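# Commentary on secondary and tertiary structure
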Amino acid sequence: MDKIDVNTAQNNQLSKQLEDIDDKMVVMEDSMDFIFGEIAKLSKENKDTKYELKNCQGKLAQLETKFAHQQEEIIDLKARGMRDNLMFYNIPEQRGENVHSLVEKFIQEELKMEDVKSIIIDRAHRVGRIRQLGEKPRPIVVKFNRFQDKVNLLKHAKNLKGTVYGISEQFPAEIQEKRRKLLPYMKRFKAEGKLCKLVFDKLYVDSKIFIPADSQSIQTARDDYITSSNPKSKAHSKPEEIKGKKHFADTCDGFGHSKKIKCNGNIFQAHMTVISSLTDIKDKTDILCRDEEIAKATSNTLAYRLKTPAGEIVEKYEDDGDLGTGKKILQIMQLNNAIGTLIICSHWANGGKSVGPDRFRCMRDCVLDVM
């Protein structure tokens, strides 16, 4: 009997222990369910966070692209504002000086240019802090009324060779920095007997655009340039008739030209080229206007369309005095889905009669011809 009582007590004790284990298992199962629920919740939150992060990254990329294009537009506007400017260096400075007269005298005596009075100077002033006695004189910035006057002065810069004086085009600080970095390459190539020309913020070497890589030295980078147009070549050329259509230039940096249309003594002609950034617009417009005939045009109306990496279309026009013509050119480009394209339409009044609304028809025909 004693053994039976002992066994019963042990069985009861085991039963209680089993019940306790069962209760603990239930608690553990509830805890596991809660943990799995939390994990699922965290997983969903993590997925949502990743999705939101991806959206934010996309929006950030779009904002960065837009900011970059806005910066390009700002630099472009700065450059356009300086388009008719020249910088004069090392002209002695005196208190109470008449800078306007000083520049005119310099142009006549040092640049050896005749008929100085025909050159119209809008503004001329010193830039920078006032120098102390014995310091280098401050440079003079001069804004000319006509772009062609600036071009003619640059052609006479060779007369300053061997003197302490110098003249140069004025550029925004961002462009100046790019040019400063390209100067060592330019000096190296010239020492090797290559034909070099620094146009805006691009270095042309033997008719090719030189693109330096940051990781390369001057020695290893000198062969790293891509085929492009010759910056010394004339932008204006006689169009070539091919089954009623005009040819395009052989390279992406060249211009295609339309036929010339005459109306009441006025002449119209369109020019088209490929662009990949807002900087190209200023660069290629300046190259085109280096042709004397185009630079002397009564107006050079332009319109362009670009596509950003984010897929946004950037488009703009400038009438240059021919009111409403830039908008018409842009509308033609929109209808023809012209992307990455710059079109400039030149108008020479030549003392002819006013063409009135007919100028829209003439420019339209020229633009359609060059396209």
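Throughout what follows, the structure given in this document is the object of discussion. (Residues numbered from 1 in each chain as written. Predicted model: local features only at pLDDT ≥ 70, side-chain atom pairs only at ≥ 80, totals over all residues. Heavy atoms only, no water.)

Another aspect to go through is unusual backbone geometry. Glycine aside, residues mostly have negative phi angles, and peptide bonds mostly take the trans form. Although it is not a glycine, Asn 90 sits at a positive phi angle of roughly 70 degrees. Along the chain, Asn 90 turns up in the loop between strand S1 (85–89) and helix H2 (99–109). Not every positive phi belongs to a glycine, and Asp 320 is a case in point at roughly 55 degrees. Given the relative accessible area of 43%, Asp 320 is considered partly exposed. (Helix = DSSP H or I, 4+ residues; strand = E, 2+ residues; numbered from the N terminus. Buried < 20%, exposed > 50% of the residue type's maximum accessible area, 1.4 Å probe, protein only.)

For the rest of this paragraph, the subject is the packing of helix H8 (residues 325–335) against helix H9 (residues 358–370). At a minimum axis distance of 10 Å, the contact between H8 and H9 shows a crossing angle of 35 degrees. Considering only the axes of H8 and H9, their crossing is right-handed. Each of Thr 325, Lys 328, Ile 329 and Ile 332 in H8 lies in contact with H9, whose residues at this interface are Arg 359, Phe 360, Met 363, Arg 364, Val 367 and Leu 368. Of the residues contributing to the contact of H8 with H9, the split by class is 6 nonpolar, 1 polar and 3 charged. (Axes fitted to C-alpha atoms, helices over the stretch in contact; angles between N-to-C directions. Left-handed = near helix turned anticlockwise from the far one by under 90°. Contact = heavy atoms within 4.5 Å. Nonpolar A, V, L, I, M, F, W, Y, C, P; charged D, E, K, R; others polar.)

Turning our eyes to something else, we now look at the pairing of strand S14 (residues 299–307). The buried fraction of S14 is high, at 8 of 9 residues. Direction of pairing for S14 relative to strand S16 (residues 341–348): antiparallel, over a ladder of 7 bridges. Residue pairing across strands places Tyr 304 opposite Leu 342, the latter belonging to S16. Pairing analysis gives 6 bridges linking S14 to strand S15 (residues 313–318), with the strands arranged antiparallel. (Pairing = 2+ DSSP bridges.)

Where nonpolar side chains cluster on the molecular surface, the patch consists of Met 32, Phe 34, Ile 35, Phe 36 and Ile 39 and spans about 520 Å² of accessible area. Inspection of the secondary structure assignment puts Phe 34 in helix H1 (residues 2–81). (Patch = residues over 30% accessible without salt bridge, like charges linked within 9 Å, V, L, I, M, F, W, Y side chains within 5 Å. Areas by Shrake-Rupley, 256 points an atom, 1.4 Å probe, with all protein chains shown as cover. Salt bridge = Lys/Arg side-chain N within 4 Å of Asp/Glu carboxyl O.)

Applying the stated criterion to the full structure yields 26 salt bridges. Linking Glu 315 and Arg 305 is a salt bridge whose minimum nitrogen-to-oxygen distance equals 2.7 Å. Of this pair, Glu 315 sits in strand S15 while Arg 305 sits in strand S14, and the two are 10 residues apart along the sequence.

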